[in-house]
Amino acid sequence: MAIVDPARARRAPEPWNDPAAIPYVRIENVVKRFSDFSAVNDISLNIYRGELFALLGGSGSGKTTLLRMLAGFETPSEGRILIDGVDMAGVPPYDRPVNMMFQSYALFPHMNVEQNIAFGLKQDGLPKPQIAERVGAILDMVQMSQFAKRKPHQLSGGQRQRVALARALVKQPKLLLLDEPLAALDKKLREQTQFELMTIQEKVGITFVMVTHDQEEAMTMASRIAVMDRGEIVQVGTPNEIYEYPNSRFVADFIGSVNMYEGRLVEDESDHVVIDSPALGGTVYVDHGVSAAPGANVWLAIRPEKIKVSRTRPAGTHNITRGKVRDIGYLGDVSNYYVTLQSGETMEATLPNLVRLAEPAVLWDEEVWLSWEAENAIVLTS
Amino acid sequence: MARPARAYLSGEESRVVGFAEGLHLRLLQFAPYRGTIALGRRVGITGARFVIAIPYVWLLLFFLTPFLIVLAISFATPTEMVPPFSFTAFADGAINLAEAVGKYLFLFSDSLYVSAYLSSLRIAAISTVLTLLIGYPLAYGIARTSDRWRVPLLMLVILPFWTSFLIRIYAWIGILGETGLLNQVLQGIGLLDRPLSLLGTEWAIFFGIVYAYLPFMVLPLYATLEKMDLSLLEAASDLGARPFRAFLTVTLPLSLPGVLAGCMLVFIPAVGEFVIPDLLGGSETLMIGKVLSDEFFLNRDWPLASAVAVTMLVILVLPIVLFQRLRARQAEGEG
Ligand SMILES: Nc1ncnc2c1ncn2[C@@H]1O[C@H](COP(=O)(O)OP(=O)(O)OP(=O)(O)O)[C@@H](O)[C@H]1O
Ligand SMILES: [Mg+2]
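Residues numbered from 1 in each chain as written. Chains lettered and ligands numbered in written order. Predicted model: local features only at pLDDT ≥ 70, side-chain atom pairs only at ≥ 80, totals over all residues. Heavy atoms only, no water.

Caption draft 1: The arrangement of a nonpolar patch on the surface in detail. Together, I52(B), Y56(B), V57(B), W58(B), L59(B), L60(B), L61(B), F62(B), F63(B), L64(B) and L68(B) make up a nonpolar patch on the protein surface, roughly 1,200 Å² of accessible area in all. Within the secondary structure layout, L68(B) lies in helix 3 (residues 47–74). (Patch = residues over 30% accessible without salt bridge, like charges linked within 9 Å, V, L, I, M, F, W, Y side chains within 5 Å. Areas by Shrake-Rupley, 256 points an atom, 1.4 Å probe, with all protein chains shown as cover. Salt bridge = Lys/Arg side-chain N within 4 Å of Asp/Glu carboxyl O. Helix = DSSP H or I, 4+ residues; strand = E, 2+ residues; numbered from the N terminus.)

Now the structure itself:
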């Protein structure tokens, strides 16, 4: 399916859709076992030059382990990793064209901020003035210049994180691995740093692989996202694909909020399907085909912002249900309406607050109709 | 000081303060403690600081008091009575300064004492360096082995303490002698055709000190190396440092507190060591511990022996104090 991601449209062509493009990082059937437990289970991935690739997944899903294998701290139990066409088996971390920002920062406690950042450049034998210049520039960038002489234990969590980021960035590696780079920053600084990272990445052309479990961060920054679960990759795609076309209940549920209902496939055509859903009290018409036989049990996923709320019954026969407003959550920019359907299930609808201090479109305990377009429901078979 | 400042204490300090606070809270259950606290508060000492004060009180009682007695005796005059000194120098309410301080001047004018001090310092310094060179790799190895081996290996380091110190040093006579174990083995494998005469030389003293004090070097080194965050080495490696450079730039500086503690624990007692030079060293090796014991038991000159002891303490304490001050200033300058 051809999807144009508006946020990325200004970007260069999408190499992952170009069969002739050569991936910069190839991960081939990599398995990592700790004694008898597989932290990473048969992962294959291609990452292209200049990408900002996000690994997204819950705690313990193997993101850090995969990153550590790229950096060379863990050896894959099976499979292989190629960076720039070179098999990394047996290449020690200090010989890889890779730098990593550690989840725990791993700042050297006996060195001050400046010395920490200069460490990597010193290993390369750069002349002193050049080191000083690059350290100064990166300190400016992460807004840590006035703390240059402090030791790590004299810094706040967010400041330490910025030093760790600067230390990994200053070497301008071909591949930068970031393990939850922004988790400790407050919202404002996080957004600012996200933007800066993206700017740097576009300017210098470094390939980023970033671990996060903040899906919003992955959505705003990444060229592509790999969603991981229990050591496996469940889906890889652009933020847009992952959000609008999740391939499983896990992904749909993990990214953003979603309404999910069970149903049975009653009509299966190549351009549309009809699903009977007792939970929704009727039939649902979806304008894309699925690979399941009629009669099969499927799941319907509908994003809250795709749902319309009205006091009167909308026209049409499909994709309509009704219920009673149980709760309204006011979030400022939008409000969330939690509606109890006649089947007892809940449906969440998100409506923008277009007018300041206006009465809510509907009130508590009001009977409402909920409807959505045929293109906005997703049928999931797994 | 306000509580949030805790976050900015170094790890070591915050641990001490945290421990003291915990102990303080627990001790509050006991009425006598509460009473003392109330008393302390009136003088301006509170909470955690009070708990920290307890070991100082202990030191004051059991270290400072005997030391003051020794100091006093060093200013006395030797006699033939029991105890073999009298404070005639202080008689008539006036202090006979020449006699009281005379012994100290004598110590520095007599080449026997001066060379005994110097040779003690030299032997202690060499032994400390040798102990460090052997102890560091040992501690490093133990700290980096798997959990399963760590405890047994540490036990092996401590095991010698289970036998009497004296017996272990006597055992070295058997090992180092001309027909001892070492010479037999070396000759047996054909490395030597004539036995080495080690016993009675400085080498025997080095063997003895390194052997006896090795645990005091290994344990503090192990403690610092073991708690080191290994991800720091990964970070160093990631930034391009080969293993040996990572060791020099990260592991070694971070283990310096352990190196210092170990060296102090070996050097200080080694300077005053008496048994090892007496049993293993020959008559020509001069160490201040031996001189001290001779003055005390053979010449029964308690005041002179005390003066020797006090001088030794000053010689050892001064560099430590200066060093501490330097370190404090350095830490301040960096902060
Ligand atoms: N050295 C190790 N020995 C044994 N198990 C390990 C080791 N390292 C990681 N694991 C296990 O592998 C799994 C994946 O860990 P990993 O650190 O990769 O998770 P993660 O996705 O980074 O999680 P988080 O978001 O919490 O950082 C976890 O269950 C973890 O317990
Ligand atoms: Mg992790």
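Now that the structure has been shown, we can carry on.
Caption draft 2: Structural context of the side chain of K63(A). Residue and element names in this part refer to chain A. Secondary-structure assignment places K63 in helix 1 (residues 63–71). No salt bridge forms around the buried K63; measuring N to O, its nearest opposite-charge neighbour E180 is 4.6 Å away. A polar contact of 2.8 Å, which involves the side chain of K63, links it to the backbone oxygen of G58. The contacts of K63, once residues within four sequence positions are left out, are L55, L56, G57, G58, E180, V211, T212, H213 and M228. (Buried < 20%, exposed > 50% of the residue type's maximum accessible area, 1.4 Å probe, protein only. Lys, Arg positive; Asp, Glu negative; His and termini not counted. Polar contact = N/O pair within 3.5 Å; in protein donor to acceptor, adjacent residues only side chain to side chain. Contact = heavy atoms within 4.5 Å.)

Caption draft 3: Representation of the coordination of the magnesium ion (ligand 2) within the structure. Within the protein, the magnesium ion (ligand 2) binds to T64(A) (OG1) and Q103(A) (OE1); these donor distances fall in the range 1.9 to 2.5 Å. Placement of the pair is T64(A) in helix 1 and Q103(A) in the loop between strand 6 (98–101) and helix 2 (113–123), with a sequence separation of 39 residues. (Donors = N, O, S within 2.8 Å, 3.2 Å for Na, K, Ca; no water.)

Caption draft 4: Molecular detail of the site of ligand 1. Residue and element names in this part refer to chain A. Neighbouring residues of ligand 1: 14 residues in total, closest S59, G60, K63, T64 and T65. Contacts to ligand 1 include S59, whose side-chain N or O atom sits 2.6 Å from an oxygen atom. Here an oxygen atom of ligand 1 sits 2.8 Å away from a polar atom, N or O, in the main chain of G60. With the chains in place, 62% of the 630 Å² that ligand 1 exposes on its own is no longer accessible. Elements with a contribution of two residues or more to the shell around ligand 1: strand 2 (37–47) and helix 1. No other element matches the 3 residues that helix 1 contributes to the shell around ligand 1. (Near = heavy atom within 4 Å.)

Caption draft 5: Examining the interface of chain B and chain A more closely. Every contact between the two is made by 23 residues of chain B and, on the other side, 26 residues of chain A. At the boundary of chain B with chain A, total buried surface from both sides reaches about 2,100 Å², with 57% on carbon and sulfur atoms. For the pair chain B and chain A, the interface holds 2 salt bridges. With a shortest N-O distance of 3.7 Å, R242(B) and D95(A) are connected by a salt bridge. (Buried area = accessible area lost by both parts, 1.4 Å probe.)

Caption draft 6: Just the domain arrangement of chain B, in detail. Residue and element names in this part refer to chain B. Domains assigned within chain B are domain 1 (12–101) and domain 2 (110–334). Just the C-alpha atoms count here: the centres of domain 1 and domain 2 sit 30 Å apart. Counting residues at the interface gives 15 residues for domain 1 and 10 residues for domain 2. Both sides of the domain 1 and domain 2 interface together cover about 920 Å² of buried area, and 76% of this is carbon and sulfur. Our count for the domain 1 to domain 2 interface comes out at 0 salt bridges. Considering each element in turn, the side of domain 1 that touches domain 2 owes the most residues, 6 residues, to helix 3. Considered class by class, the residues forming the side of domain 1 that touches domain 2 number 11 nonpolar, 2 polar and 2 charged. (Domains from an automatic or database assignment. Nonpolar A, V, L, I, M, F, W, Y, C, P; charged D, E, K, R; others polar.)

Caption draft 7: Region of the structure containing unusual backbone geometry. Residue and element names in this part refer to chain A. Positive phi is not limited to glycine here, since D42 has a value of about 55°. You can see D42 is positioned in strand 2. Not every positive phi belongs to a glycine, and A106 is a case in point at roughly 50°. Relative to the helices and strands, A106 is located in the loop between strand 6 and helix 2.

Caption draft 8: Expanded view of the pattern of salt bridges. All names here are of chain A. One pass over the full model with this rule turns up 23 salt bridges over all chains. Among the salt bridges present, the one from R49 reaches D84, with a minimum N-O distance of 3.3 Å. You can see R49 sitting in the loop between strand 2 and strand 3 (52–57) and its partner D84 sitting in the loop between strand 4 (78–83) and strand 5 (86–87), a full 35 residues away along the chain. D84 gets classed as partly exposed once you look at its relative accessible area, which sits at 39%. Measuring nitrogen to oxygen at the nearest pair gives 3.0 Å for the salt bridge that ties E191 to K187. In this pair, E191 and K187 both sit in helix 5 (residues 187–204), 4 residues apart, roughly one turn of the helix.

Caption draft 9: Local environment of the sheet that holds strand 17 (residues 334–341) of chain A. All names here are of chain A. The strand order across the open sheet built from 5 strands is 15-19-16-17-18, with neighbouring strands paired in antiparallel fashion. Strands at the two margins of the open sheet, each flanked by one partner only, are strand 15 (308–310) and strand 18 (346–352). Put simply, the sheet's adjacent strands are angled 45° from each other on average, direction ignored. (Pairing = 2+ DSSP bridges. Axes fitted to C-alpha atoms, helices over the stretch in contact; angles between N-to-C directions.)

Caption draft 10: Summary view of the environment of P97(A). Residue and element names in this part refer to chain A. By the secondary structure assignment, P97 is in the loop between strand 5 and strand 6. Each C-alpha atom of the pair P97 and L175 lies 6.5 Å from the other, and the pair is 78 residues apart in sequence. Discounting residues that sit within four places of it in the chain, P97 has contacts with I83, M88, P173, K174 and L175.

Caption draft 11: Looking closely at the packing of aromatic side chains. Inspection of every chain in the model, using the stated rule, returns 16 aromatic pairs over all chains. Seen from their ring centres, F250(A) and F254(A) are 5.6 Å apart, and the 15° between their planes marks the pair as stacked. Separated by 4 residues within a single helix, F250(A) and F254(A) lie in helix 8 (residues 249–254), roughly one turn from each other. Using a relative accessible area of 28% as the deciding quantity, one classes F250(A) as partly exposed. By relative accessible area, F254(A) is classed as partly exposed at 22%. Among the aromatic residues, those joined into a cluster by ring pairs are Y136(B), Y140(B), F244(B) and F247(B). The positively charged end of R303(A) is found above the aromatic ring belonging to Y243(A), 4.0 Å away from the centroid. (Phe/Tyr/Trp six-rings, centres within 6.5 Å; stacked < 30°, edge-to-face > 60°. Lys NZ or Arg CZ within 6 Å of the ring centre and 35° of its normal.)

Caption draft 12: Representation of the domain arrangement of chain A within the structure. Residues and elements named next belong to chain A. Once the domains are mapped, chain A shows domain 1 (6–97 + 173–250) and domain 2 (258–380). Once you take the C-alpha centre of each, domain 1 and domain 2 turn out to be 34 Å apart. The partner domain 2 presents 7 residues to the 7 residues of domain 1 that form the contact. Summed over both sides, the interface between domain 1 and domain 2 buries roughly 650 Å², with carbon and sulfur atoms accounting for 58% of that surface. Taken together, the links from domain 1 to domain 2 amount to 1 salt bridge.

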